[in-house]
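What the coordinates show
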Amino acid sequence: MNAKTKPDAAATGDANPMWGGRFAAGPDSLMTEINASIGFDKRLYAHDIAGSRAHCSMLVAQGIVTSEDGAAILAGLDRIEGEIERGEFAFDAALEDIHMNIEARLDEIVGEAAGRLHTARSRNDQVATDLRLWLRDEIDRLDGGLKALQAALIDQAERHAATVMPGLTHLQAAQPVTFGHHLMAYVEMFGRDRGRLADARGRLNECPLGAAALAGTSFPIDREATARALGFDRPCANSMDAVSDRDFVVEFLAAAALAAVHLSRLAEELVMWASAQFGFVRLSDAFTSGSSIMPQKRNPDAAELVRGKTGRVIGAFVALAVTLKGLALAYGKDMQEDKEPLFDAVDNLALSIAATAGMVGDMEADAAAMRAAAEAGYATATDLADWLVRRLDLPFRDAHHATGRIVRLAEERGATLAELPLEALREVEPGIDESVYEVLAVERSVASRASLGGTAPERVREAVAAARERFL
């Protein structure tokens, strides 16, 4: 019998063949529907097969399974992997999950020897192993995506190390900064995200295989061998913890949620910057769409969708934390609910990272619009207050008050601070002289912010070089 012709146990009314003699009848169709996870956990097939190969090889090495049976099992697993990859494998919901689907097919291929594979293991340690293997690979993939996003940001930051724009607080003009400096802030954020993912990967890299259902096994297995074969640092130390732990998923989802928040913050700025009201950047047709009724529209849909998908990633974290909070040790079927939110979060985070990297590389900055906005918002007011402190020895609070009066005067005249005549400035503070104009130009303002981590172009270029060394 091949994979496409095996009978559906639920359809025939027979007991699930994997359960042996305990049950006399098959499950109700509703039970099959609520119990089955094959619809989503089939993506674990390669990791399930990898775990089975390692387990089989260990059983042979320990003399628990004969070399002949071991060879048949390994050959059967190779065949199953090929069938799945070619789309020839018939997944059966009556067999519940990926583990039992593969085991049932292995029995069809190699016969009695297949039943020996499950010696000294349970689905409990099997699924925990599969999930750790899968998530380890996905973390590596996400790290690569975040690295590419950082590279795109660093390239743009280097290009715009001296491009002046308004720095905002409360979404109001605060001080001039450079566009490069602004983008480098996100490089730091995503660097921390990569660090959190690396920390989570390090903690999850322990092998549950051999913990069996919850208590370990009486067979003389070698858990160190299976851990090594699968690239784990060590076996899980406690068999109950090994099968019931989903900390590693929750920790990953917490790190993923924060990374998604950072992506959302950048996406929000791209939405604003691409609007006519800001006009700071332009996104090409590749990352925008039009309107069905308004022909002039150029909507930054990719950024908006990145912003929207953040809720799904945060929701996955909350969903699993709530699922686990009431579970006693060791395994409960509730824990099957770990996979769908995890898979959804990984898929959407990976897509959001790739889309954001694409937008960052695609965007074209309008330096003139950014500079004009920096000037229009009286962003050099702090520079003026600092100048009054340095040159006229005013207490900062007095300088702050005088600067506020000068800003009001500029507003009344519809002028920038640099456009106010010296006589007008002296009406507010008689000690002001011509040298004050040296600090009122936005370029001079950003150049003066040369402290470590500051926005001065020279500091931005240094930060770019350092970031290339640290992150790329």
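Rules used throughout
- Residues numbered from 1 in each chain as written.
- Predicted model: local features only at pLDDT ≥ 70, side-chain atom pairs only at ≥ 80, totals over all residues.
- Heavy atoms only, no water.
- Helix = DSSP H or I, 4+ residues; strand = E, 2+ residues; numbered from the N terminus.
- Buried < 20%, exposed > 50% of the residue type's maximum accessible area, 1.4 Å probe, protein only.
- Areas by Shrake-Rupley, 256 points an atom, 1.4 Å probe, with all protein chains shown as cover.
- Lys, Arg positive; Asp, Glu negative; His and termini not counted.
- Charge placed at Lys NZ, Arg CZ, Asp CG, Glu CD.
- Phe/Tyr/Trp six-rings, centres within 6.5 Å; stacked < 30°, edge-to-face > 60°.
- Lys NZ or Arg CZ within 6 Å of the ring centre and 35° of its normal.
- Pairing = 2+ DSSP bridges.
- Patch = residues over 30% accessible without salt bridge, like charges linked within 9 Å, V, L, I, M, F, W, Y side chains within 5 Å.
- Salt bridge = Lys/Arg side-chain N within 4 Å of Asp/Glu carboxyl O.
- Core = buried A, V, L, I, M, F, W, Y, C linked by side-chain atoms within 4.5 Å.
- Contact = heavy atoms within 4.5 Å.
- Axes fitted to C-alpha atoms, helices over the stretch in contact; angles between N-to-C directions.
- Parallel < 35°, antiparallel > 145°, perpendicular 65-115°, else oblique.
- Left-handed = near helix turned anticlockwise from the far one by under 90°.
- Nonpolar A, V, L, I, M, F, W, Y, C, P; charged D, E, K, R; others polar.
- Expected span 1.5 Å × (residues − 1).
- pLDDT = per-residue confidence, 0-100.

Topic: the overall build of the protein
Across its full length, the protein carries 20 helices and six strands. Going through the 472 residues of the protein one by one, you find that 48% of them count as buried. For the protein, the accessible surface area stands at approximately 21,500 Å², while carbon and sulfur atoms represent 52% of it. Seen as two clouds, the 50 positive and the 71 negative side-chain charges of the protein have centres 2 Å apart.

Considerations on the packing of aromatic side chains
Here the structure, examined in full by the defined rule, presents five aromatic pairs. Look at F89 and F91: their rings are 4.8 Å apart centre to centre, the planes differ by 50°, and that puts the pair in the tilted class. Summarising the aromatic geometry, the rings of F179 and W273 are spaced 5.4 Å apart at their centres and angled 75° between planes, so their arrangement reads as edge-to-face. In this pair, F179 is assigned in helix α8 (residues 179–204) and W273 in helix α11 (residues 247–273), connecting sequence segments 94 residues apart. One Lys or Arg, R43, reaches over the ring of F343 and ends 4.5 Å from the middle of that ring. Between R136 and the ring centre of F232, over which it is positioned, the NZ or CZ distance is 5.0 Å.

Topic: the pairing of strand β2 (residues 172–178)
When strand β1 (residues 164–169) meets β2, the two strands line up antiparallel, connected through six bridges. Bridge pairing in β2 links G167 to Q175. Hairpin connection from β1 to β2: two residues lie between these consecutive antiparallel strands, with H170 at a positive phi of about 55°.

Looking at a nonpolar patch on the surface
A surface patch of nonpolar side chains, about 270 Å² in accessible area, is lined by L214, M240 and L329. Position of L329 relative to the elements: it lies in the loop between α12 (301–324) and α13 (339–362). L329 sits in the exposed class, given a relative accessible area of 62%.

Thoughts on the nonpolar core
Judged by nonpolar contacts, the single largest core of 82 residues is most densely connected at L153, F252 and L342. Counting residues per element, this core draws most heavily on α11, at 16 residues. When near neighbours in sequence (up to four residues on either side) are disregarded, L153 contacts L183, Y186, V187, F190, L266 and V360. Core analysis: the next-biggest nonpolar cluster, separate from the first, contains 24 residues, A381, W387, L394 and A402 among them.

Notes on the side chain of R136
With respect to the helices and strands, the residue R136 is situated in helix α7 (residues 123–159). If near-sequence neighbours (up to four positions away) are discounted, R136 is found in contact with R201, L204, N205, L230, G231 and F232.

What to know about the environment of P300
Within the secondary structure, P300 is located in the loop between β5 (281–282) and α12. Judged by relative accessible area, P300 falls into the buried class, the value being 10%. Placed 18 residues apart in sequence, P300 and R282 show a C-alpha to C-alpha distance of 9.4 Å. If sequence neighbours within four positions are ignored, P300 has contacts with V271, L283, F287 and T288.

Some points on the pattern of salt bridges
Once the charged atoms of two side chains with opposite charge are near each other, the side chains can pair. Under the defined criterion, the tally for this structure stands at 33 salt bridges. Residue E83 is joined to R79 by a salt bridge in which the shortest nitrogen-to-oxygen separation is 3.5 Å. Linking E83 with R79, this pair stays in helix α5 (residues 67–85), spanning four residues, or about one helical turn. Residues E462 and R459 are paired through a salt bridge, measuring 2.9 Å at the closest nitrogen-oxygen approach. Taken as a pair, E462 and R459 lie in helix α20 (residues 457–471) at a separation of three residues, close to a single helical turn. Among the charged side chains, a salt-bridge network with shared partners connects R79, E83, R105 and E108.

As for the side chain of T119
In this fold, T119 is placed in the loop between α6 (98–110) and α7. Taking the relative accessible area as the measure of exposure, T119 reaches 18% and is therefore buried. Beyond its immediate sequence surroundings of up to four residues, T119 is in contact with H55, L59, I64 and F219.

Details of unusual backbone geometry
For the peptide bond that leads from L329 to A330, omega is 10°, which places it in the cis range. Notably, H170 is not glycine yet its phi reads approximately 55°, a positive angle. Looking at the element boundaries, H170 is found in the loop between β1 and β2.

So, the packing of α7 against α11
One can describe the packing of α7 onto α11 by two numbers: an axis separation of 12 Å at closest approach and a directional angle of 20°. Taken as axis vectors, α7 and α11 run roughly parallel relative to one another. Classified by chirality, the crossing of α11 by α7 is left-handed. Here A128, L131, R132, L135, I139, L142, L149 and L153 of α7 come into contact with α11, specifically with F248, V249, F252, L263 and L266. Along the lines of polarity and charge, the residues of the contact of α7 with α11 split into twelve nonpolar, no polar and one charged.

Re α13
Over its 24 residues, α13 runs 34 Å from end to end, which matches the ideal 34 Å to within 8%, given 1.5 Å per residue. For α13, a buried count of 17 out of 24 residues is recorded, marking the element as mostly surrounded by other parts of the structure.

Brief notes about the confidence of the model for the protein
The predicted structure's coordinates, where accompanied by low pLDDT, should not be read in detail. This prediction gives the protein a mean pLDDT of 92; 93% of its residues lie at or above 70. Predicted confidence is poor over residues 1–14, with pLDDT under 50, and the contacts of this stretch with residues over four places away or in other chains come to 37 contacts.

With respect to the environment of V249
Within the fold, V249 resides in helix α11. On the accessibility criterion, V249 (0% relative accessible area) is buried. Through-space distance from the C-alpha of V249 to that of F91 is 26 Å; in sequence the pair is 158 residues apart. What V249 contacts, discounting residues up to four positions off in sequence, is L131, L135, L320 and L342.

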